[in-house]
Each structure stands twice: as structure tokens, then as C-alpha cells.
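The chain contents come next:
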Amino acid sequence: RYKSLNRTQLNMQRRFLAILVLAIVAALLGLQLSGPFVLLPAAIENPLPAIEKQEVKVGVVIPLTGVSSDAGEYLRKGLVLGQNEINGSPRLRYNVKLLFEDSQYKPEVAVTAIQKLISLDGVKFVIGEYGSSQTVAMAPIAEKNKVILVNPGSQSTKIITIGDYIFSVQINTR
């Protein structure tokens, strides 16, 4: 049985997931994230000067309407919390810009969304999708375009072997 979580626990869980997913994307970029999360006494006494930040676009394909829109909204809120945490740090060289696309929890809509994010918005990183069929449908497009796809929720065993640019932070169904 699953234990019911209160609002504070849910918010902490969402924030953790968002920071985890953004940290994975940042790690794949080769960024160092120790700065905003650990403040050493020397850093407080002698703060680093603010640096000009570069923008990194991250596409997000999740269900914001229709079936599973509640899960999509939880992830959206968590990702925005993580984005604010990263962008609020004067010690990081990058600002994250999240570009949200609604998959409606449908594979064909998810495919259109990832194609738009890649071809029109020029993203090199995509977070999504919750459903396995949507992730499996989006994966060949990400792979063909050498775009990193980080899957936050799909559990199909196909996803872990589908390509070199596809990553999963969720356990599979095995």
C-alpha cells in the first residue's frame, strides 16, 4: 500500500524530481552544479562576481490537458521550481528556459510536439513523456536529431534500449 502524502511532502517530492531532471540535463551539458546547492564559508565571505549567463532551451513534452493532465501539471510545477533555483544562482553560467508542449497523453500529439521543439525552437534537450507509448513514439525523432530525451515517468523496458540519446529516471516494468 502507498502512504498518502501531505501537501508539503508532495511539494518536496515535485521539487526533488524537477531538480533531479534538470541536474541530469545540466550534467549532460557538462555543467557543474555544486555552486548553488552548497555554500561554503569562503564563498559567503568572498562571493564570485556575477557572470553573463547563456540561455539553454529545454523542451518539455507532458500531458497538460486530457488524460493524466494532473501528473503533467505536477511535473510542470516541479520543473518551474527547479528552473527558478538554477536561474536564481549567480554562480552558474547558464539560465534554463523551459518550453512546454502539451502531449494530451497521445503519441501522435507528442510526436508533433517534439518535432516542433526541435525544428522551430531549436532545443537540444527534451524532458518527457509520462506515457510509455508517447516516449517510444518520440524516441526515434530525438535519436535521429541527436537530441537528448530524458524520460521522467515511462516504465516500458523498451525505453532503456531504444537509443543512445534516450535516458530514463524511472524504474522499468521488469
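The structure under discussion appears in the preceding block.
These numbers come from a predicted model, not from an experiment. (Residues numbered from 1 in each chain as written. Predicted model: local features only at pLDDT ≥ 70, side-chain atom pairs only at ≥ 80, totals over all residues. Heavy atoms only, no water.)

The secondary structure content of the chain amounts to six helices and five strands. Traced from its N-terminal end to its C-terminal end, the chain shows the element sequence α-α-α-β-α-β-α-β-α-β-β. Per-residue burial over the chain gives 36% buried out of 174 residues. Residue pairs at least 24 apart in sequence account for 61% of intrachain contacts in the chain once pairs closer than 6 positions are excluded. Just so you have it, the chain exposes about 10100 Å², and 54% of that area is on carbon and sulfur atoms. (Helix = DSSP H or I, 4+ residues; strand = E, 2+ residues; numbered from the N terminus. Buried < 20%, exposed > 50% of the residue type's maximum accessible area, 1.4 Å probe, protein only. Contact = heavy atoms within 4.5 Å. Areas by Shrake-Rupley, 256 points an atom, 1.4 Å probe, with all protein chains shown as cover.)

Let's shift gears to the sheet that holds strand β5 (residues 166-168). Read from one edge of the open sheet, five strands run β2-β1-β3-β4-β5, paired in parallel fashion. The two strands at the open ends of the sheet, each matched to only one other strand, are β2 (94-102) and β5. Here the strands of the sheet are splayed against their neighbours by 25° on average, with no regard to which way each runs. Where strand β1 (residues 54-62) lies against strand β3 (residues 125-128), four bridges are found, and the strand directions are parallel. Pairing of Gly-59 across the sheet is with Val-126, part of β3. With respect to the sheet, helix α6 (residues 132-144) is in contact with β1, β3, β4 (148-151) and β5, its orientation differing from that of β4 by roughly 160°. (Pairing = 2+ DSSP bridges. Axes fitted to C-alpha atoms, helices over the stretch in contact; angles between N-to-C directions.)

As a packed pair, helix α5 (residues 107-119) and α6 sit with axes 8 Å apart at the nearest point and diverge in direction by 30°. As the angle between them shows, α5 and α6 are arranged roughly parallel. The element α5 and its partner α6 pack so that their crossing is right-handed. Across the interface between the two elements, Pro-107, Ala-110, Val-111, Ile-114, Gln-115 and Ile-118 from α5 touch Ser-133, Gln-134, Ala-137, Met-138, Ile-141 and Ala-142 from α6. Classifying every residue of the contact of α5 with α6 gives nine nonpolar, three polar and no charged. (Parallel < 35°, antiparallel > 145°, perpendicular 65-115°, else oblique. Left-handed = near helix turned anticlockwise from the far one by under 90°. Nonpolar A, V, L, I, M, F, W, Y, C, P; charged D, E, K, R; others polar.)

Moving on to the pattern of salt bridges. In total, this model carries three salt bridges according to the counting rule given. Between Lys-116 and Glu-101 there is a salt bridge, and its shortest N-O distance comes to 3.1 Å. Residue Lys-116 is found in helix α5, and its partner Glu-101 is found in strand β2; the two are separated by 15 residues along the sequence. Given the relative accessible area of 29%, Lys-116 is considered partly exposed. The salt bridge partner of Asp-121 is Lys-116, with a shortest N-O separation of 2.7 Å. Residues joined by salt bridges that share partners form a network here, namely Glu-101, Lys-116 and Asp-121. (Salt bridge = Lys/Arg side-chain N within 4 Å of Asp/Glu carboxyl O.)

Turning our attention to α6. The end-to-end C-alpha distance of α6, which contains 13 residues, comes to 19 Å, matching closely the 18 Å that a straight helix rising 1.5 Å per residue would cover. At Met-138, α6 shows its strongest bend, of approximately 30°, with the proline Pro-140 following within four residues. Residues Gln-134, Thr-135, Met-138, Ala-139, Ile-141 and Ala-142 constitute the buried set of α6. Packed against the buried residues of α6 are β1, α5, β3, β4 and β5. In the segment just after α6, Lys-146 is the residue with positive phi, at about 55°. (Expected span 1.5 Å × (residues − 1). Bend = angle between axes of the 7 residues up to and from the residue.)

Relative to the elements of secondary structure, Thr-135 occurs in helix α6. The class for Thr-135 is buried, based on a relative accessible area of 1%. When sequence neighbours within four positions are dropped, the list of residues in contact with Thr-135 reads Gly-128, Glu-129, Leu-149, Asn-151, Ser-154 and Ile-159.

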